[in-house]
Structures are given as structure tokens and as C-alpha cells.
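Listed here are the chains, written in short residue letters.
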Amino acid sequence: MSDLLRIAIVGFGEIACRQHVPAIAKISGAALVAVADPVKSPPGLPHFRDLHELLRDGPEIDAVALCTPPQIRHAQAAAALAAGKHVLLEKPPGATVAELSPLIAAAHQAGRTLFATWHSRYAPAVGPARKLLAGRTINKVTIIWKEDVRVWHPGQAWIFEAGGFGVFDPGINALSILTEILPRPLLVRSATLDFPSNREAPIAAELELSDESGLQIHAEFDFRQTGPQTWDILCETDAGPVTLSKGGRQLRDGNRLVVDAADEEYPALYRRFVALTSDGRSDVDLVPLQLVADSFMLGRRRLVEAFED
């Protein structure tokens, strides 16, 4: 195997184009050498219609980054591991919780890395927020996570199909940050899910969560936000409010600005992937996915007006 981690992207949608390609180009120790997608590919790279064709006819690769919809990712990951490749899973790592266990076992048996990514945990203010909160008593948490699905997922009908997560596709980012910065495991207490009358996944959701100490956590997710986008987590503590905003790029301790940094989540993600493959380790945290699954299990369903992209 080459000292350079040779990566192929499978599924060349918005996130692969906006985030994965420039992130790989920024880091040392890795190179993008091919793309598999039924339609699109960046110029200058070998292009294959699907993973099967890539593995059969493509250049030598060490790893695949699966950026396909979650409904089809399990079979692709299993095939890549069987072919001896390391696997990076875009979030969410799969359409169900149970499908990840066989992949973890397959990666172990093959001696390959399986990396279930939570890119928002790599936002620059998340680590400092965790350290800040570690020395305080947290009294209440409020999450407001609202964005425009037409901006971030234009024409991507799969996101509103069964297994596509709907508003939990961005909402799981908030949950991945929350489970990173809070000290205790979380439980979903109740959920209200708004389903458009013509769709199979929710367009908005309200959750009530807590930990074993009874901490009150309220979350609002909405895919219908226009104008400025809102990705905020407010923690009320015994020493005043701590606010993570801009999806984890900005941190305030009361009125004091602690962190305000550029978006470098995906380069950090790929540095982690390179390190994992070098050490022969996997990293698969299923807690954010489990919280989403529990929200669907407990969720009260409300029908709302039809959504047309």
C-alpha cells in the first residue's frame, strides 16, 4: 500500500463537490484519484458509473469516501471492505442503526478502517466549548437548527424518501455536537415530527431530551428557513450563558467572544481519516444516529402542507 492514502469519492453530489474535494486537496498524506457517480465528476479525474465499476476497472485505491444517500450506503461499504478498502462514511453513516454492526465486524476482520464521520464535531469552537462546559453546572440547553433545504439539497428527492432522514440530515449535526460537548449520555423524551403530506420524511421536528440528571434539552429543527441560516446551541450555566453558533464555528461565553473561526471541518475530518488508516483503527460512534432513531420511534406525527422543490 502506498504511503499516500489514495481515495476515491463515491457519489458526487453537493457535499462531495463543496467539501470533500477541497478538503482532500488541503491535507498532506492523501490524494483524490477517482470518482464514481452515475452522472457527475470533477474534470481531470478518472470517472466511473458506480462503485462496482470503480473496483473492477479503476486505478489503485486505498480508500473510498461514501457520499451517496444513506439508503444505499450499507451495501457499498460492505463491498468496499470486502475489496480490502478503507471506508469513510458521510453522515449519517447509514439508514438504520443495526446495519452498522456488520460493517464494524467486517472492517475488523479485513483489518481496514471504518470511519463514521460527524463533521460538525470538528468545527473549531466545539472542543473549546466542551472544555468550557466541563467546569460548570449546565441548567438548560436550547438548540435552534434551521436551514433552507432548497439551498443545501437542491433537487435531491432522496432526502425526503424513507430512510433519507428529512430534516434530521442537518439536525443530526446538532446532535453530534451536543453529544460531544455534554458530559453525560442523552435520552430522547418526546418528539413531534412534521411530515409534508406528499413526503416520507419530516421537514421539521421538535425534540425534548435529557440526561440521567434530568437536564432539560429542547431542540427545534426546520428545513424551511429562508434568508440567514440558524445553527445555534445555547447552554444556560451557573456562570452564565455559553453559546455555540454558526454550526460550531463561533463560541461566546456570555458577551465575550471566545472563538470565531473559518470552516475547516472537512480538512480536519480527513486528517483524522489518514491517522486512523495509518494506525489500523476504526472510529464508529452511533450515538447521534441512535438519538435520531429514538426520535422516530417516539415521535408524534403531524401532517403539514405539501413540499415542492
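Look up: the structure comes first, before these words.
Notes on the structure follow.

Definitions and limits used
- Residues numbered from 1 in each chain as written.
- Predicted model: local features only at pLDDT ≥ 70, side-chain atom pairs only at ≥ 80, totals over all residues.
- Heavy atoms only, no water.
- Pairing = 2+ DSSP bridges.
- Helix = DSSP H or I, 4+ residues; strand = E, 2+ residues; numbered from the N terminus.
- Axes fitted to C-alpha atoms, helices over the stretch in contact; angles between N-to-C directions.
- Contact = heavy atoms within 4.5 Å.
- Buried < 20%, exposed > 50% of the residue type's maximum accessible area, 1.4 Å probe, protein only.
- Arc of directions from axis to C-beta.
- Core = buried A, V, L, I, M, F, W, Y, C linked by side-chain atoms within 4.5 Å.
- Parallel < 35°, antiparallel > 145°, perpendicular 65-115°, else oblique.
- Left-handed = near helix turned anticlockwise from the far one by under 90°.
- Nonpolar A, V, L, I, M, F, W, Y, C, P; charged D, E, K, R; others polar.

Our focus in this paragraph is the sheet that holds strand 13 (residues 250–253). Note: strands within a sheet are paired through backbone hydrogen bonds, in either parallel or antiparallel orientation. Overall, mixed pairing links the 9 strands, which are arranged 14-13-12-11-7-10-9-8-15 in an open sheet. Of all strands in the sheet, those bounded by a partner on one side alone are strand 14 (256–260) and strand 15 (299–304). This sheet shows a mean twist of 10 degrees between the axes of neighbouring strands, independent of strand direction. Relative to strand 12 (residues 240–245), strand 11 (residues 230–237) runs antiparallel, the two being bridged by 5 bridges. Across the sheet, residue Leu234 finds its bridge partner in strand 12, namely Thr243. The strands that helix 7 (residues 168–181) touches are strand 7 (138–146), strand 8 (186–196), strand 9 (204–211), strand 10 (216–222), strand 11 and strand 12; relative to strand 7, the one it contacts most, it runs at about 155 degrees.

Next up on the list: helix 4 (residues 100–110). Within helix 4, burial applies to Leu100, Leu103 and Ala107. Down the axis of helix 4, the buried side of the element spans an arc of 55 degrees, and every buried residue falls inside it. Of the residues in helix 4, the exposed ones pointing more than 90 degrees away from the buried face are His108 and Gln109. Of the residues trailing helix 4, Gly111 is marked for its positive phi of about 65 degrees.

Glancing now at unusual backbone geometry. Here the residue pair Lys91 and Pro92 is connected by a cis peptide bond, since its omega of -10 degrees sits within 30 degrees of zero. Inspection of the secondary structure assignment puts Pro92 in the loop between strand 5 (86–89) and helix 4. Phi angles above zero are rare outside glycine, and Phe165 is one such case at about 80 degrees. With respect to the element layout, Phe165 can be found in the loop between helix 6 (149–152) and helix 7. Phi at Lys246 is positive, roughly 55 degrees, even though this residue is not glycine.

Secondary-structure assignment places Pro70 in the loop between strand 4 (63–66) and helix 3 (73–82). Relative accessible area serves as the criterion here: at 0%, Pro70 is assigned to the buried category. Taking the C-alpha atoms as reference points, Pro70 and Gly254, 184 residues apart in sequence, are found 38 Å from one another. Apart from residues lying up to four places away in sequence, Pro70 is in contact with Pro92, Gly94, Ala95, Glu99, Trp158, Gly163, Gly164 and Phe165.

What follows covers the nonpolar core. One broad trend across soluble globular proteins is that nonpolar side chains are buried collectively. In this structure, Leu54, Val64, Ile143 and Phe221 are the most contacted members of the largest nonpolar core, which totals 73 residues. Here Ile143 is in contact with Ala174, Leu178, Ile217, His218, Ala219, Glu220, Phe221, Asp232 and Ile233, once residues within four sequence places are set aside. Judged by nonpolar contacts, the second largest core, of 22 residues, contains Ile24, Ala30, Leu32 and Cys67.

What follows covers the packing of helix 7 against helix 9 (residues 287–298). Between helix 7 and helix 9, whose axes approach to 9 Å, the crossing angle comes to 125 degrees. In terms of orientation, helix 7 and helix 9 fall into the oblique class. Crossing angle aside, the handedness with which helix 7 passes helix 9 is right-handed. Together, Phe168, Ile172, Leu175, Ser176 and Thr179 of helix 7 and Val287, Pro288, Leu289, Leu291, Val292, Ser295 and Phe296 of helix 9 make up the contact between the two elements. Partitioning the contact of helix 7 with helix 9 into residue classes produces 9 nonpolar, 3 polar and no charged.

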